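Here is what each chain is made of, one letter per residue.
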Amino acid sequence: MKNFILGLAVLSTVVMKAQTQIVAHRGYWQTQPPTTENSLKSLENAQNLKIYGSEFDVRMTKDGVLVVNHDEHHAKMEISETDFKELEKVKLSNGEDFPTLKDYLKQGKKDKSLKLVVEIKPDKTKEKEDELTAKTIKMIKDMKLGAQCDFISFSLNICKEIKRLEPTFKVQYLKGELSPQQIKDEGLDGIDYHYSIFQKNPTWIADAKALGLITNAWTVNDVAIADELKKQGIGFITTNIPDQLKK
């Protein structure tokens, strides 16, 4: 009987590990009442949802302050060409202050069970990308959050720079033009591609898993598409509807 119970426990662990995990895209912000993406409230909502992780975007202001924002602009101001003191004058649509990375990470640290999926946005030059990447990695390490963070970027340079600075960090590429074998050859940990890339390349999930790579699809807001990806054995799904896909 003991062996039987032990076997069930092992099987349960294997099944749980095999399940596709859910990542909230820019936090969980499509709530009632609604909040706004990349806000501290959207991160708190994701924490309360008890899912795998929450993704957010990091940029750098003209004076070198790290902030959390998806678009190149905040209001009508280009973030990379504007000092933080000007940017912070305009609040988010939900009334929150324009978030710095430090404040965002402080909120993330309140729930160590939620992975923080850090997307470092491409910048105008390699030098700017390297500065942004180095500052982001340093802040995360200084706050002792390395084990809680995964990393993604559309910039291959940024991905490789993260691995150069901290080889133990898990890094996935977003753009979608590289095959799983090419990602492996670049020394990265996984592919995090738009779901249409996997539809066009139906063997890539299996190929990536065979190479020991992480697999993630974004931004999946259709339950039927999510179910199809799950059947293919994808590891993670990033979505604006984490509450629905969690079910």
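If you're wondering where the values come from, they're calculated on a predicted model, not measured in any experiment. (Residues numbered from 1 in each chain as written. Predicted model: local features only at pLDDT ≥ 70, side-chain atom pairs only at ≥ 80, totals over all residues. Heavy atoms only, no water.)

In this section: the pairing of strand β7 (residues 149-153). With five of five residues buried, β7 lies mostly within the body of the structure. Side chains C149, F151 and S153 of β7 all project onto a buried face; the interleaved residues D150 and I152 project onto the opposite face, where all are buried too. Where strand β6 (residues 115-120) meets β7, four bridges bridge the pair, whose relative direction is parallel. Bridge assignment links V117 to a residue of β7, and that residue is D150. A crossover connection joins β6 to the parallel β7 through helix α5 (residues 126-142); in handedness this β-α-β unit is right-handed. Examined bridge by bridge, β7 and strand β8 (residues 171-173) share three bridges and lie parallel to one another. Paired with S153 across the bridge in β8 is Y173. Read as a crossover between parallel neighbours, the route from β7 over helix α6 (residues 156-165) to β8 is right-handed. (Buried < 20%, exposed > 50% of the residue type's maximum accessible area, 1.4 Å probe, protein only. Helix = DSSP H or I, 4+ residues; strand = E, 2+ residues; numbered from the N terminus. Pairing = 2+ DSSP bridges. Right-handed = clockwise from strand over helix to strand, strands pointing away.)

Enumeration according to the criterion identifies 18 salt bridges in this entry. E86 is the salt-bridge partner of K89, the closest N and O atoms lying 3.3 Å from each other. Between K163 and D189 there is a salt bridge; the shortest N-O distance is 2.9 Å. Of the two residues, K163 is situated in helix α6 and D189 in the loop between α7 (180-185) and β9 (190-194); the sequence distance between them amounts to 26 residues. Across this residue pair, the class does not change: K163 and D189 are buried. Here the residues in one salt-bridge network are R26, E37, D57, E119 and K121, joined through shared partners. (Salt bridge = Lys/Arg side-chain N within 4 Å of Asp/Glu carboxyl O.)

Residue-level pLDDT values for the protein chain average 94, and 93% of them are 70 or greater. The low-confidence segment residues 8-17 (pLDDT under 50) makes one contact with residues lying over four places distant or belonging to another chain. (pLDDT = per-residue confidence, 0-100. Contact = heavy atoms within 4.5 Å.)

In terms of nonpolar packing, the biggest core is built from 52 residues, with F56, F151, Y193, F198 and L229 touching the most fellow members. Once residues lying within four places of it in the same chain are set aside, the contact partners of L229 are Y195, F198, I205, A217, V220, I234 and I237. Of all hydrophobic cores here, the second largest spans six residues; its members include I79, F84, L87 and L92. (Core = buried A, V, L, I, M, F, W, Y, C linked by side-chain atoms within 4.5 Å.)

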